[in-house]
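The chain contents come next:
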Amino acid sequence: MYLVVDIGNTATKAALFQDGEWVERIRIPNGEGADTASMTSRAHAVLVANVASPELAEPWLKGAGSSFLLNASLKLPYTTQYPDTLGQDRMANAAAAAVMHPMGSVLVIDIGTCLKFDFVHRSTFVGGSIAPGVFMRFQAMQAYTARLPIPREIRVPKHFIGTHTEENLLSGVLFGMMGEIQAGIDRYQSIYPDLHIILTGGDAAFFEGTLKSNIFAEPDLTLLGLYHILKLNAT
């Protein structure tokens, strides 16, 4: 079995894969203890992607047959001329996209802390864009104004025209992002009509079913991409 670990800014996600399918998966808020040995002891190899503090990765790198920290020097299932500053989550998403559609044009839309577009064409990572994510937009409005709050519940409002401040904030951010995402999709499709679109990320659920294009939702895309990278390097 292969173990992949995605250590993010707020939580760690880990999954054990066997024959291309995950057989166990956990999510742990950073700062809480995790029984890493129960997973690492069953793993032939482990790959850790880490954007948080280095000590969070250390327990995951012990006990498996071989262990790797994700970096640009590893073998990847795609080629790129992008600088080695590419984020680890984007590396993993590009890997999954390249394996899923090796000869196609793929746009990965990752909606998490940031809104990221990653474009892969015939297994080559070309580039994309980065913009503030849902919560970051609410935080920015609170930080740079005197009276605007963060909404008590972040949800897609029933009506486009808000009738009080909280609804105005929700409408501005969420409907605004819908338009932003759709405009981005339209631009890519004007150049690549046969574009495959994959939606992922912690806040992707706000936007599923609201966009015009045919979109494949894969919430575990990053873990899947890490698995493909690990398999390429551990065999």
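So, here's what we can say about the structure. Every value quoted in this text rests on a predicted model; they were computed, and no experiment measured them.

Some thoughts on helix α2 (residues 88-100)
Helix length check: α2 (13 residues) gives 19 Å between terminal C-alpha atoms against 18 Å at 1.5 Å per residue, within 8%. Three or more residues of α2 are buried, namely Gln88, Arg90, Met91, Ala92, Asn93, Ala94, Ala95, Ala96, Ala97 and Ala98. Contacts from the buried residues of α2 go to β4 (45-50), β7 (105-111), β8 (114-121), β9 (124-132), β10 (196-200) and α5 (221-234).

Remarks on the side chain of Asn233
When you line up the elements, Asn233 lands in helix α5. For Asn233, the contacting residues outside a window of four places in its chain are Phe68, Leu74 and Lys75.

A few points about the pairing of strand β1 (residues 2-7)
Of all six residues in β1, six are buried, a share of seventy percent or more. Neither face of β1 is left uncovered, since the one carrying Tyr2, Val4 and Asp6 and the one carrying Leu3, Val5 and Ile7 both have all their residues buried. When β1 meets strand β2 (residues 11-18), the two strands line up antiparallel, connected through six bridges. In the strand pairing of β2, Asp6 is matched with Lys13. In sequence, β1 turns back onto β2 through a hairpin of three residues. Bridging between β1 and β4 involves six bridges; their strand directions are parallel. Its bridge partner being in β4, Val4 is matched across the sheet by Leu47.

Description of the packing of helix α3 (residues 134-143) against helix α4 (residues 165-191)
Closest axis-to-axis distance for the α3/α4 pair is 10 Å, and the angle between their directions is 135°. Looking at the two axes, α3 sits oblique to α4. As α3 packs across α4, the resulting crossing turns out to be right-handed. Contacts between α3 and α4 involve Val134, Arg137, Phe138 and Met141 from the first element and Leu169, Leu170, Val173, Leu174, Met177 and Glu180 from the second. Across the contact of α3 with α4, the residue classes break down as eight nonpolar, no polar and two charged.

Some words on the pattern of salt bridges
Counted according to the given criterion, the structure contains eight salt bridges. The salt bridge involving Asp89 is made with Lys116; its shortest N-O contact spans 2.3 Å. Note that Asp89 is positioned in helix α2 and Lys116 in strand β8, a separation of 27 residues in sequence. Across the pair Glu153 and Arg155 runs a salt bridge whose closest N-O atoms are separated by 3.8 Å. Taking relative accessible area as the criterion, Arg155 reaches 26% and is therefore assigned partly exposed. Bridged by salt links that share partners, the residues Asp89, Asp110 and Lys116 form one connected network.

Definitions and limits used
Residues numbered from 1 in each chain as written. Predicted model: local features only at pLDDT ≥ 70, side-chain atom pairs only at ≥ 80, totals over all residues. Heavy atoms only, no water. Helix = DSSP H or I, 4+ residues; strand = E, 2+ residues; numbered from the N terminus. Expected span 1.5 Å × (residues − 1). Buried < 20%, exposed > 50% of the residue type's maximum accessible area, 1.4 Å probe, protein only. Contact = heavy atoms within 4.5 Å. Pairing = 2+ DSSP bridges. Axes fitted to C-alpha atoms, helices over the stretch in contact; angles between N-to-C directions. Parallel < 35°, antiparallel > 145°, perpendicular 65-115°, else oblique. Left-handed = near helix turned anticlockwise from the far one by under 90°. Nonpolar A, V, L, I, M, F, W, Y, C, P; charged D, E, K, R; others polar. Salt bridge = Lys/Arg side-chain N within 4 Å of Asp/Glu carboxyl O.

These figures capture arrangement, not role.
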